[in-house]
Amino acid sequence: MLFRGILLFGLISLTALPTFAQSASSNRVDSEQELLLALLKVQQEKPTGTAALLRANVSLVTPSLWQELNERAARTYYQNQPDQCLRLYDIAKQVALQLNSQKLLARTYYNVGRTYSGLSQYERARASYLESHQAFAAAGMRRDLIYILSDLGTISFILEDYVKAKDYSEQCLRLAESLRTSNAPLGLWPDEYGVAGALATLGELAMREGDFAQAIEELQRSLALYQALNNGGSDYDYYLVEVYAALGRVYTTAGDHGRALLFLDKALAKTPSSSTQAASLLNSIGYLYMEQEDYSQARAHFDRSLKIYRADNNQREIARVLLNLGVIEQRQSNYDEALTRFRASLQAAKATQSIDVMLAASEGMGVVLAAKKDFAGALETFGKALVIANDHKDRTRKTELLWRSAETYYEMGNYDEAVSHAESAAALARASYLRKVTYLATTTLGQSYAAQKKPEIATETLKQAVEQLEMMRDQVAGGEGELQLFFENKIAAYHALVDLLVKQGKPLDALLYAERAKGRVLLDVLSNGKPDVAKVLTPGEKEETQRLNRRISEINNRIKTEETASSSSLNSLYTQLDASRLEYQSFQNALYVAHPNLSTRSGRTAALTTADVNGLTRDNDTAYLEYVVDKDRVYLFVLTKDKLNGASDLRVHPIAIKPEDLLRKVDKFHDMLADRNPAYASAARELYAILIAPAEQQLGNASTLCIVPDGFLWNVPFQALMTASDRFLIEDRALYYAPSLSVLREMNKTKAISLMMDSSLIAFGNPVIGKDEQRNADLCPLPEAETEVTSVAKTLGPRVSKILIGRDASEKTFKALAPTYSVIHLATHGVIDNRHPLYSHLLLTKTEGDPDNDGLLEAREIMDMNLHADLAVLSACETANGKISPGEGVIGMSWAFFVAGTRSMLVSQWKVNSASTSKFMIEFYKSLDTNKDRKAKSARNPAIKLIKDGGYHHPFYWAGFVLIGSN
């Protein structure tokens, strides 16, 4: 709440008022100052005596007395004494009446209205503004009516009285236009102030009605007026922030998260950190991240917002933030916690009569009920909310509720109702330009058509859903990590299309759509190139990046030095670390918004074509196996070259097992190998029969297999599967892996750039690490690392190799030199963080006093580099692991190297044995020297040698290493 143009003087204590000369028989006093003090005392002790006191001292009742009372009221408001503030305004109203001044009475009511607004008592605020409007009209102060009407529109919008909000705002604009050339007296505020406020309200109303173009136009006009009023100053910053925030919300709802974050960040930069404006902005930014599926960032912003609102006991906004926190829990399938949040939100919303939040909380509860298979309860909840949404003409909420109902009917198997509701939702979403809801409703509609056995219209509808989603890709706020999160749970339309096209006997079309769902972020990076971030940033941005990195490094160092500290102390440090990481990522996202040229997105993926598929089979020696794992089924696509006519031979094989059953078998087999369990053979044969045998005839004599896994199949060490004749698959064929055939195509196009020969190698081994890292039980020792890298160097020759051992194997050196080599070898410890995969790291020697080179080479830091390596070998534990992201693959260390520009990776799937690893690596490089164009065969040879070595026959010793990327 702002009181413009009111001077704040020192305040006399009201609890110890001084005595003054006063007649015993009357209320007369001798001066205006004595009258003021008497009024304060009477108001405190006997408010009904105020009028009598004023009548007894008519000569002292002046406009200056009124002014002093208003100034004191403003000061007490800012001193957090709202009751005293309102009592002072009551006196000021009586002074205005005594003076018979409608103008002063109107301004007093106006200040009262602003006070109630600041206290979130909006009905009282509106009543006071109406009194002010009446008094200004009586006084003939028509220009003052402009901002009063504007404020009435704003308050009515907050109260969700949208009809009156629009009426007051339009009245404001008409009045301002009629007075534009008038000689009417100036008002307390410039005409432009009221007009700007009315335009902002009309913009908010247009957004609510789904007319985003109109909303943006109105808000931009409002913004221009406030900027002109500011005239280079800061008097109107509060209102600028409100319009920036509104533009941010419009762009968020429209799905343009890049522009949304730009405006929200502008607003936040002008806002005190503990203000209610900041709380509102934090909630809006949290909502944006929630829509991008980045729940860590979303929760962090919501929590900060909630803390401020709770300190102010703002129940109306507390309800809104609790609602958003409930949505996060619901989307992450934490249904009990989600219900708790939704119920708390609903209770607070009812107490403050916030219809919008009540509707949203009801929708959330219905979604949870549907997830728990209480379909009747879900539909009843949606139906009640839909009635209210219709009554309040809330098109956005109506659209969402129709889609949610369609989803529920689909899960129930009532496909006719699902189609009916999805059609309505999709039509409304398109009309309102709700891009995300358009995609979701169209996907449900396509799935429902398919369930009705209408393949043609189902196929066309699902293709529309895919097109809608891919149009949204260039509107994600942030870099590659943020884009990956956005796409993570948006593959349903692709998988439904794959299933339809397979059933229609169109395997090539099905494969092309399967490909469009895979490796989308990597494909963008490889197709469009990676910009040099350092060249784009301003000095201030570089300094802030360094500060945030330094903060993360400092907390990491404190954690290391307090390994033996109490659990509460360590928990506090880890909480600080998470907060610092989120702050860093938030700043990085803002950089991508501020510098659009950093984006690697082209608007849509460079999808695989029929010509690309045919081109892959030019190599007669390689067969391509691509898996698609849906929630209900698994498909295997196999691409080979027909030996008779030389044409591409693409076939699809349905895998006869439920995905959940296959998942259990995969996890069991992986764990058996990682734990050196001797009884692995039966599981190895069973998985071969499930995953490879259906295509065995088509594979023929292909000596190399390129595996494109999907979902949990990334955890399968295919090389250790066993044929019916008890031979490991790798004994018969070389293997390598690819995130997708499209990504593989781009990797094959890229040539390694090196300042030296194509085979130039830089190797890091046995770095100097502190005692704190060595105490970490999660790190497996690699004592032969130094011997390993030395032997590798001897294999390739000193002319093309640079070996860095011990103290020389530093993070700083890696960052400086690695971009100039075509082969990078790291024999060191690796630490995988599946919760925050881009903070997984390799341990190198740290540079003392340099927080940017703390010895933890994190995946996020690798992503920011520009590497040109043809091959990177991570001779460390679990470097192939990370978080499995639907569609994108494994997000972790190898993914980061690919984003940085590396064409292929040799990485491990479990904690490897140091001695066998060294043997494997030395033999790998010997083979690589003679098979320069066939990395998969070079990786097969050491595996064969270890199999034949009695001490290392178990797959634990050799099957963990996988080659991913270009062969």
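These figures come from a predicted structure and were not determined experimentally.

**Considering the side chain of Thr 444**
Then, in step 1: Within the secondary structure, Thr 444 is located in helix α21 (residues 435-451).
Then, in step 2: In this view, Thr 444 contacts Trp 403, Ala 406, Glu 407 and Ala 422; residues no more than four positions away in its chain are not counted.

**Quick look at the environment of Ile 690**
Then, in step 1: Mapped onto the elements, Ile 690 comes out in helix α32 (residues 681-691).
Then, in step 2: In sequence terms Ile 690 and Ile 655 are 35 residues apart; their C-alpha atoms lie 6.7 Å from each other.
Then, in step 3: In contact with Ile 690, not counting residues within four places along its chain, are Ile 655, Ile 657, Leu 662 and Lys 665.

**Description of the environment of Ile 803**
Then, in step 1: Its place among the elements puts Ile 803 in strand β7 (residues 801-805).
Then, in step 2: Measuring from C-alpha to C-alpha, the distance between Ile 803 and Glu 786 comes to 9.5 Å, with 17 residues separating the pair along the chain.
Then, in step 3: What Ile 803 contacts, discounting residues up to four positions off in sequence, is Leu 761, Ala 763, Val 789 and Ala 793.

**Some details on α21**
An α-helical segment advances 3.6 residues per turn. Residues three or four places apart therefore align on the same side.
Then, in step 1: For α21, built from 17 residues, the straight-helix expectation of 24 Å at 1.5 Å per residue is met to within 8% by its first-to-last C-alpha distance of 24 Å.
Then, in step 2: For α21, the buried fraction is high: 13 of the 17 residues fall into the buried class.
Then, in step 3: The first or second residue beyond α21 is Lys 453, which carries a positive phi of 65°.

**Examining the pairing of strand β5 (residues 734-737)**
Then, in step 1: Burial along β5 is two-sided: the face carrying Ala 734 and Tyr 736 and the face carrying Leu 735 and Tyr 737 are both buried.
Then, in step 2: Sheet topology note: the strand β4 (residues 704-708)/β5 ladder contains 4 bridges and is parallel. Within β5, the residue paired with Cys 706 across the bridge is Tyr 736.

**Looking at the pattern of salt bridges**
Then, in step 1: What the rule picks out here adds up to 43 salt bridges.
Then, in step 2: For Arg 685, the salt bridge identified is with Asp 726, shortest N-O distance 2.8 Å. Taken together, the residues Arg 685 in helix α32 and Asp 726 in the loop between β4 and α34 (729-732) connect sequence positions 41 residues apart.
Then, in step 3: A single salt-bridge network, built from bridges that share partners, covers Glu 317, Arg 320, Asp 356, Glu 363, Arg 397, Glu 400, Arg 404 and Glu 407.

**Some points on unusual backbone geometry**
Then, in step 1: Although it is not a glycine, Lys 373 adopts a positive phi angle of roughly 70°.
Then, in step 2: Inspection of the secondary structure puts Lys 373 in the loop between α17 (355-371) and α18 (375-391).
Then, in step 3: For Asn 766, which is not glycine, the phi torsion reads 50° and is therefore positive.
Then, in step 4: Along the polypeptide, Asn 766 turns up in the loop between β6 (761-765) and α36 (771-774).
Then, in step 5: With relative accessibility at 35%, the residue Asn 766 sits in the partly exposed group.

Rules behind the numbers
- Residues numbered from 1 in each chain as written.
- Predicted model: local features only at pLDDT ≥ 70, side-chain atom pairs only at ≥ 80, totals over all residues.
- Heavy atoms only, no water.
- Helix = DSSP H or I, 4+ residues; strand = E, 2+ residues; numbered from the N terminus.
- Contact = heavy atoms within 4.5 Å.
- Expected span 1.5 Å × (residues − 1).
- Buried < 20%, exposed > 50% of the residue type's maximum accessible area, 1.4 Å probe, protein only.
- Pairing = 2+ DSSP bridges.
- Salt bridge = Lys/Arg side-chain N within 4 Å of Asp/Glu carboxyl O.

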